[in-house]
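Structure at a glance
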Amino acid sequence: MEQTQAKRIVLGITGGIAAYKAAELARLLIKQGVEVQVAMTGAAGHFITATTMQALSGKPVLMNQWDDSSNGMAHINLSRAADAIVIAPATADFIAKLAHGLADDLLSALCLARNCPLLVAPAMNRQMWENAATQRNIAQLIADGVTILGPASGAQACGEEGMGRMVEAEELAAEIVAFLQSNKSLNGGSLSLALSPGERGQIQRMDGVKILITAGPTYEAIDAVRGITNRSSGKMGYAVAQAALELGAEVTLISGPTALNKPHGARGVDVTSAAEMFAAVKQQVAACDIFIGVAAVADYRVAQTSEQKIKRGDSNMTLELAPNPDILAYVASLKNPPFCVGFAAESENLREHAKAKRKAKKIPLLAANLAQQAIGADDNELILFDDAGEHVLPRSDKLSQARELLQHLAQLYRQGNKR
Ligand code: C5P
């Protein structure tokens, strides 16, 4: 991944059983071109050895603030050379230290002295996670601009079941890489971290706003094994969901078949065909304030699908196709429609087609992109069309595009510009 080539992180490991997953996380990040400097607490050393982490990262692991070789200034120097500090796993105790600004070991001191974004992946027993003190500390970290990754829910090492597992290494690596890529355009941090406390006020938050998003392609079966689909990867729709979550929105993501992990905090609904997507949207739409149709919904389905695999023959074969419902147009025409946002992927005459589509679907905001540049790609160049005209977003990675789109949308939504 060329965008992450020059990125450097400090991977901080604290003392919990999930520390063993940090080895895999380091390996995955390095594989994607991220330089990883490991710093561990003493307690982390009970769960995973510095030798393991040193072998994987190719750098000496820093553990003790008293025996570093950089003039006793490791707690300052480390973050100066890093694009982000990632604490994974972060124990309840370490989170409490971060929330209160304690600095009694190398890792907490370097977090306090940092001048780069901090990402924290909590891992602990479910009762510890649910404890009011932990929740207070997490809320404080969020208010301080720290990005919290997870935790996930499921079986725990202690035998209990619930919220508090560390997010799996693969998923964490994907989120960290996406974060580092987005830094490129946001000048060194996630949306809130990139800005000074004064500037943070200018970000249009969407706390509690309910956003329903469709993403990915649909798959229209021909028979038991064949089908019609398109090359949509889902990356743009998932980036829109991520950007909405960052602003505090409640996100439901209805997705066709993709290879992507849903962003943390999104409520996911998986569908296959356009008919299934339509049914899921109908079920969810009444509860949403904003509907964003990013999915590349197949315009046609096979009129008569075969339950069995169709046998090969020597003569021509004709497939009869029936039109699929236009989900976005349906939502926009509801009696009390949510604020609707559409996407248009066109292969030619982008502006002309996009404007016509916005009008035909009667939606206040439409984001248009060139299909041959956007579908499956990591970057994009959206042109937003609304009542005021067009707004070109300069080319950047899809998460950055999504963040800009969400800011534009938040402004229109706030103005009550529904039509
Ligand atoms: O396919 P088309 O270019 O018309 O798609 C434009 C917008 O309409 C997109 O936001 C897409 O998600 C939505 N759409 C839909 N249902 C369809 C076709 C498109 O919701 N059947």
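With respect to the nonpolar core
- Formed by 37 residues in total, the largest nonpolar core has its most connected members in Met206, Ile211, Val240 and Ile292.
- Looking at this core, the elements with two or more residues in it are β8 (210-215), α10 (235-246), β11 (250-255), β13 (290-293), β16 (339-346), β17 (365-370) and α15 (398-414).
- With 8 residues, α10 is the largest single contributor of residues to this core.
- Once residues within four sequence positions are removed from consideration, Met206 is found in contact with Ile211, Leu247, Gly248, Ala249, Ile290, Leu406, Leu409 and Ala410.
- Among the nonpolar cores identified, the runner-up in size contains 35 residues, and Ala22, Ile48, Ala123 and Leu172 belong to it.

Things to note about the domain arrangement of the protein chain
- Assigned domains within the protein chain: domain 1 (7-186) and domain 2 (200-302 + 314-414).
- Its C-alpha centre places domain 1 at a distance of 34 Å from the equivalent point of domain 2.

Comments concerning the packing of helix α1 (residues 19-31) against helix α2 (residues 50-57)
- Here α1 crosses α2 at 10°, and the two axes come no closer than 9 Å. Classified by the interaxial angle, the pair formed by α1 and α2 is roughly parallel. Where α1 approaches α2, its residues Ala22, Ala23, Ala26, Arg27 and Ile30 are matched on the opposing element by Thr52, Met53, Leu56 and Ser57.
- In terms of residue class, the contact of α1 with α2 is made up of 6 nonpolar, 2 polar and 1 charged.

A word on the packing of aromatic side chains
- Following the criterion strictly, the structure yields 2 aromatic pairs and no others.
- A ring pair is formed by Phe339 and Tyr413, whose centres lie 6.2 Å apart and whose planes are at 90°; its orientation type is edge-to-face. Pair noted here: Phe339 is in strand β16 and Tyr413 is in helix α15, with a separation of 74 residues, a long-range link.
- Overall, Tyr413 belongs to the partly exposed group, its relative accessible area being 22%.
- The ring of Phe278 carries Lys282 above its face, with NZ or CZ at 4.3 Å from the centroid.

Quick word on the site of the ligand
- By nearness alone, 13 residues border the ligand, and Gly293, Ala295, Pro325, Lys357 and Lys361 come closest of all.
- A distance of 2.9 Å is found between a nitrogen atom of the ligand and a backbone nitrogen or oxygen belonging to Ile327.
- Separating an oxygen atom of the ligand from a side-chain N or O atom of Lys357 is a distance of 2.4 Å.
- The protein chains hide 89% of the 440 Å² of surface that the ligand would expose on its own.
- Secondary structure elements with two or more residues in the shell around the ligand: α12 (327-332) and β16.

Examining α10
- For α10, which comprises 12 residues, the first-to-last C-alpha distance of 16 Å matches the rise-based estimate of 16 Å (1.5 Å per residue) to within 8%.
- Among the 12 residues in α10, 9 count as buried, and that is most of the element.
- By the burial criterion, the buried members of α10 are Met236, Gly237, Tyr238, Ala239, Val240, Ala241, Ala243, Ala244 and Leu245.
- On its buried face, α10 sits against β8, β11, β13, β16, β18 (379-380) and α15.
- At the C-terminal side of α10, Gly248 shows a positive phi close to 95°.

Reading the values: the criteria
- Residues numbered from 1 in each chain as written.
- Predicted model: local features only at pLDDT ≥ 70, side-chain atom pairs only at ≥ 80, totals over all residues.
- Heavy atoms only, no water.
- Core = buried A, V, L, I, M, F, W, Y, C linked by side-chain atoms within 4.5 Å.
- Buried < 20%, exposed > 50% of the residue type's maximum accessible area, 1.4 Å probe, protein only.
- Helix = DSSP H or I, 4+ residues; strand = E, 2+ residues; numbered from the N terminus.
- Contact = heavy atoms within 4.5 Å.
- Domains from an automatic or database assignment.
- Axes fitted to C-alpha atoms, helices over the stretch in contact; angles between N-to-C directions.
- Parallel < 35°, antiparallel > 145°, perpendicular 65-115°, else oblique.
- Nonpolar A, V, L, I, M, F, W, Y, C, P; charged D, E, K, R; others polar.
- Phe/Tyr/Trp six-rings, centres within 6.5 Å; stacked < 30°, edge-to-face > 60°.
- Lys NZ or Arg CZ within 6 Å of the ring centre and 35° of its normal.
- Near = heavy atom within 4 Å.
- Polar contact = N/O pair within 3.5 Å; in protein donor to acceptor, adjacent residues only side chain to side chain.
- Areas by Shrake-Rupley, 256 points an atom, 1.4 Å probe, with all protein chains shown as cover.
- Expected span 1.5 Å × (residues − 1).

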